[in-house]
Amino acid sequence: MDYIKNYSLEGKVAWVTGASYGIGFAIAKAMAGAGATIVFNDIRQDLVDKGLAAYEEEGIRAHGYVCDVTDEDAVNATAAMIEKEVGVIDILVNNAGIIKRIPMIEMEAKDFRQVIDVDLNAPFIVSKAVIPAMIKKGGGKIINICSMMSEFGRETVSAYAAAKGGLKMLTRNIASEYGEYNIQCNGIGPGYIATPQTAPLREKQADGSRHPFDQFIVSKTPAGRWGEASDLGGPAVFLASAASDFVNGQILYVDGGIQAYIGKQPS
Ligand code: NAP
Ligand code: GCO
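Cut-offs applied
- Residues numbered from 1 in each chain as written.
- Chains lettered and ligands numbered in written order.
- Predicted model: local features only at pLDDT ≥ 70, side-chain atom pairs only at ≥ 80, totals over all residues.
- Heavy atoms only, no water.
- Near = heavy atom within 4 Å.
- Polar contact = N/O pair within 3.5 Å; in protein donor to acceptor, adjacent residues only side chain to side chain.
- Areas by Shrake-Rupley, 256 points an atom, 1.4 Å probe, with all protein chains shown as cover.
- Helix = DSSP H or I, 4+ residues; strand = E, 2+ residues; numbered from the N terminus.
- Nonpolar A, V, L, I, M, F, W, Y, C, P; charged D, E, K, R; others polar.
- Phe/Tyr/Trp six-rings, centres within 6.5 Å; stacked < 30°, edge-to-face > 60°.
- Buried < 20%, exposed > 50% of the residue type's maximum accessible area, 1.4 Å probe, protein only.
- Lys NZ or Arg CZ within 6 Å of the ring centre and 35° of its normal.
- Axes fitted to C-alpha atoms, helices over the stretch in contact; angles between N-to-C directions.
- Parallel < 35°, antiparallel > 145°, perpendicular 65-115°, else oblique.
- Left-handed = near helix turned anticlockwise from the far one by under 90°.
- Contact = heavy atoms within 4.5 Å.
- Salt bridge = Lys/Arg side-chain N within 4 Å of Asp/Glu carboxyl O.
- Pairing = 2+ DSSP bridges.
- Right-handed = clockwise from strand over helix to strand, strands pointing away.

Asks: Residues and numbers for the site of ligand 1, please.
Replies: Close to ligand 1 lie 28 residues, the nearest being Y21, D42, N95, Y160 and T195. Here Y21 contributes a side-chain N or O atom positioned 2.6 Å from an oxygen atom of ligand 1. Within the backbone of G191, one N or O atom sits 3.5 Å away from an oxygen atom of ligand 1. Burial of ligand 1 by the protein amounts to 91% of the accessible area it has alone, namely 890 Å². Those elements that place two or more of their residues in the shell around ligand 1 are α1 (22–33), β2 (37–42) and α5 (158–178). Looking at side-chain class alone, the shell around ligand 1 contains 16 nonpolar, nine polar and three charged residues.

If you want it as structure tokens, here you go:
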């Protein structure tokens, strides 16, 4: 039997939120490579257009929609449009996310709430919008992009860690509540990935040396490098495919081993 077929996404519609670039784009590219039809959204038309051009460059005819994932009406309208124009959503990747790095006692409540809104409330809103059609269709896959901050804290990321910790438990709850409808909901927990979101942590210093945090992460990662967004494509295809039909409620960490390693003695 051609076992690789279990990893095929042929005939599937995948909605990857916030996927004009970064991790979402890389996951969408991998899923397209496995045969999925790609749908993505961004908050402005010019960003959607930029994303469409980027997919085009990769030979992918994606479907782009303007949608702020924190706006429930917009999400419901977009989900209905996707179903009408592209097809029932078989795979949802809740990827859209923000981070605000501010010491907690200096953080304004509105900033804390905004991070929770995008990184936790939105995955709830979007999942709620797509699950009924998945149930009707006989099943589906939901992949929530969690984080190492679903497990660890660190200075300045209180809102983000609270959101991503909550997203881990939302993942487990969707798995528990909708597993009987053949819906598998899992998370991917990327380690430190080189994208615009982490660019400030990798900025060269005035003297040309590497950012201390950059050096810290590389010394803490057995792979000795930052992750690339493309490192997440394979795990995402696995969790979106029939190969993972009995995997449910899990967070698959793709972190180069950082969580297993005490770290290298500074030279
Ligand atoms: P990124 O480069 O900042 O991209 C985030 C994407 O989300 C952008 O396309 C952004 O669109 C979109 N977005 C933000 N708010 C949105 C909203 N309200 N509605 C719709 N789209 C919205 O981040 P990334 O590094 O690719 O991260 C993607 C996901 O992985 C996030 O959930 C992040 O928390 C998670 N993650 C990242 C890392 C890492 O090391 N990079 C590690 C673990 C987890 P705009 O361009 O319009 O802002
Ligand atoms: C930070 C980073 C991390 C990564 C990622 C790690 O400031 O610590 O942005 O939060 O984005 O979430 O898994």
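Asks: A description of the site of ligand 2 should follow, citing residues and the corresponding values.
Replies: Taken together, 14 residues are adjacent to ligand 2, and R101, S147, R154, Y192 and Q197 come closest. In this structure, an oxygen atom belonging to ligand 2 sits 2.6 Å away from a side-chain N or O atom of S147. Taking 330 Å² as the accessible area of ligand 2 by itself, protein coverage stands at 97%. Among the residues making up the shell around ligand 2, the classes are represented as eight nonpolar, four polar and two charged.

Asks: I'd like a description of the packing of aromatic side chains, backed by residues and values.
Replies: Tallying each qualifying case throughout the model produces eight aromatic pairs. Arranged with centres 6.2 Å apart and planes meeting at 65 degrees, the rings of Y3 and Y7 form a pair that is edge-to-face. Here Y178 and Y181 contribute two aromatic rings whose centre-to-centre distance is 6.1 Å and whose plane-to-plane angle is 35 degrees, an arrangement assigned as tilted. We classify Y178 as partly exposed; its relative accessible area is 24%. In this structure Y181 comes out as partly exposed when scored by relative accessible area, which is 34%. Every member of this aromatic cluster is reached through a ring pair, and the members are Y192, F213, F216 and W226. Over the face of the ring belonging to W226 we find R202, whose NZ or CZ atom lies 5.3 Å from the ring centre.

Asks: I'd like to hear about the packing of α1 against helix α8 (residues 233–240), residue by residue, with values.
Replies: Running from N to C, α1 and α8 cross one another at 60 degrees; their axes reach a closest spacing of 8 Å. Taken as axis vectors, α1 and α8 run oblique relative to one another. At the point where α1 passes α8, the crossing takes the right-handed sense. Touching I27, A30 and M31 of α1 are G233, A236, V237 and A240, all from α8. Of the residues belonging to the contact of α1 with α8, the class tally is six nonpolar, one polar and no charged.

Asks: Kindly report on the pattern of salt bridges, identifying the contributing residues and their values.
Replies: By the definition in use, this model includes ten salt bridges. With its nearest N and O atoms 2.7 Å apart, the salt bridge here joins D245 to K141. Here D245, found in the loop between α8 and β7 (251–254), pairs with K141, found in strand β5 (residues 140–145); they are 104 residues apart in sequence, far enough to count as distant. A residue is classified by how much of its surface remains accessible, and K141, at 6% relative accessible area, is buried. Through salt bridges with shared partners, one network takes in K100, K110 and D111.

Asks: So what's going on with the pairing of strand β6 (residues 183–190)? Which residues, and what values?
Replies: When you tally the buried positions in β6, you get eight out of eight residues, the bulk of the element. Burial along β6 is two-sided: the residues I183, C185, G187 and G189 and Q184, N186, I188 and P190 are all buried. With six bridges joining them, β5 and β6 adopt parallel strand pairing. Paired with N144 across the strands is G187, a residue of β6. Note on the crossover from β5 through α5 to β6: the handedness is right-handed. The pairing of β6 with β7 spans four bridges and is parallel. Bridge pairing in β7 places G187 opposite I251.

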